[in-house]
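Structural features, examined
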2 protein chains.
Amino acid sequence: MPRPKQALLSRERIIAAATALIDAEGLAAVSTRRLAAELGVRGPSLYNHFATKDEILDAVADSIAAQVEIGMFATEPWQKALKAWGHSYRTALAAHPNIVPHLAQGPGRRPGALRMADAVYGGLVREGWPPARATHIGALMRYFVAGSALGSFARGFVEDPTFYAEDYPHLTQAHRLPEHQRSVDEGAFTLGLDALIDGLTLTYDQFGYGKNLRR
Amino acid sequence: MPRPKQALLSRERIIAAATALIDAEGLAAVSTRRLAAELGVRGPSLYNHFATKDEILDAVADSIAAQVEIGMFATEPWQKALKAWGHSYRTALAAHPNIVPHLAQGPGRRPGALRMADAVYGGLVREGWPPARATHIGALMRYFVAGSALGSFARGFVEDPTFYAEDYPHLTQAHRLPEHQRSVDEGAFTLGLDALIDGLTLTYDQFGYGKNLRR
DNA sequence: TTTATAAAACTAACGGCGCTAGTTTAATCG
DNA sequence: CGATTAAACTAGCGCCGTTAGTTTTATAAA
């Protein structure tokens, strides 16, 4: 088949199909031939739209980062903004855990990830955090969110109830974690995010970072 | 070459060579042929010692998890233990960031990771944390540590000083992050870990979890 | 309107991949 | 001592990312 009258592919269609395939079968299932087959074409046709397979994964990662809400940093106090952003960020990443290792390599030149970094840093500095600390907070939030989306804690344990008894005396109930996966992972994330913000508030108040703000 | 008088390979030698290769050139550089070449043999010989390439990666991951110190949970107050463990855990993982995505899939049946989970959970419960909360704390700590080791925050930014000016008004200094990589990443991790523990201490005190302990 | 160029699909093929089967020889067990 | 197991090997399967070159269509230039 030579060039068709209506293009079969577009960057958007490729990104959507790659995202679906990554979610359904993991990063390892994404080959150019397989992805092309999902789109009804042959493998090399993808190279008319992306230079490499890695560029496709970059585009998938950025389309996910672009879905994270960041407007709250322009309007809300930093604690409220950080909490809302953290939940939005985690929701976006946890919906696509298989791409997280790729996404966590940093923003690079991807506009979605860069707009997020810009909004977070700008919002924290506006609220009185020293620039170096604002950088640290942006970093540690990415650590926490990426780590929580990377792999479910609860699903990491074996479901065989007899497996732990002998060698791991405190893990006798660990086989029950997978069946409560969502509540364990969300409970852990919420506990951690709240603790982080409480702990940062102690520092913020202790050093009086908020005392020169007009509100 | 048929069976040699002295075996050329062992599980330990393979794990060591795989770790070195992963650290030096990344997960993608590890092919059975390449790894075998580093060991002076041909690819298929590895299958006399491991059933699949994935089992090799599992063994690498567990040898790293086994290096994390966990003795403090038997002797120290939970805050001090959590802080020391967090730093030891991060040190071990950050030395091998390329294997973190594999490691963060959970302990599975790997003894090193399971001993760690057992010690952490047991220590927290002994200090009065309710079992569900102890699980959450183990989980959120893994989130934070794995996320921090997964990808350097500071190295994720482009070094070109003109790149950010136009579109990202708050990131005008971001091009300087990579040159301060270690201090930024360690500063962010320490700030976050301290904040987490401070925040958890508020909860611990508020609910009086420590009030029935004999010390 | 004609002509030139660029775009988007294709086929064929290269070297590398994980892994299996079958072979050879040495070590070990009964 | 004979039988079995272990540890290296070679050959090869089907899949991988990517490149080169082909064909046809859409678009831009003259």
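**Considerations on the overall build of chain A**
Secondary structure assignment for chain A yields 8 helices and 0 strands. Its helices and strands taken in sequence order, chain A reads α-α-α-α-α-α-α-α from the N to the C terminus. Here the C-alpha atoms of chain A give a radius of gyration of 21 Å, more than 25% beyond the 17 Å that 2.2 N^0.38 yields for 215 residues. If one aligns the C-alpha atoms of chain A with their principal axes, the spans along those axes are about 70 × 55 × 20 Å. By the burial criterion, 53% of the 215 residues in chain A qualify as buried.

**Some remarks on the protein's contact with DNA strand C**
Around DNA strand C there are 25 residues in total, and L8(A), S45(A), T32(B), R33(B) and Y47(B) lie nearest to it. Among all atoms of DNA strand C positioned within 4 Å of the protein, those belonging to sugar or phosphate total 64%. Here the surface near DNA strand C is built from residues that sort into 12 nonpolar, 6 polar and 7 charged.

**Considering the protein's contact with DNA strand D**
Taken together, 25 residues surround DNA strand D, and among them T32(A), R33(A), Y47(A), L8(B) and S45(B) come closest. By atom count, sugar and phosphate contribute 65% of the portion of DNA strand D lying within 4 Å of the protein. R33(A) has a polar side-chain atom sitting 2.6 Å from a base nitrogen of DNA strand D. At 2.4 Å from a phosphate oxygen of DNA strand D is found a side-chain nitrogen or oxygen belonging to Y47(A). Its residues assigned to classes, the surface near DNA strand D comprises 12 nonpolar, 6 polar and 7 charged.

So, how was this worked out
- Residues numbered from 1 in each chain as written.
- Chains lettered and ligands numbered in written order.
- Predicted model: local features only at pLDDT ≥ 70, side-chain atom pairs only at ≥ 80, totals over all residues.
- Heavy atoms only, no water.
- Helix = DSSP H or I, 4+ residues; strand = E, 2+ residues; numbered from the N terminus.
- Rg over C-alpha atoms; globule rule 2.2 N^0.38 Å.
- Buried < 20%, exposed > 50% of the residue type's maximum accessible area, 1.4 Å probe, protein only.
- Near = heavy atom within 4 Å.
- Nonpolar A, V, L, I, M, F, W, Y, C, P; charged D, E, K, R; others polar.
- Polar contact = N/O pair within 3.5 Å; in protein donor to acceptor, adjacent residues only side chain to side chain.

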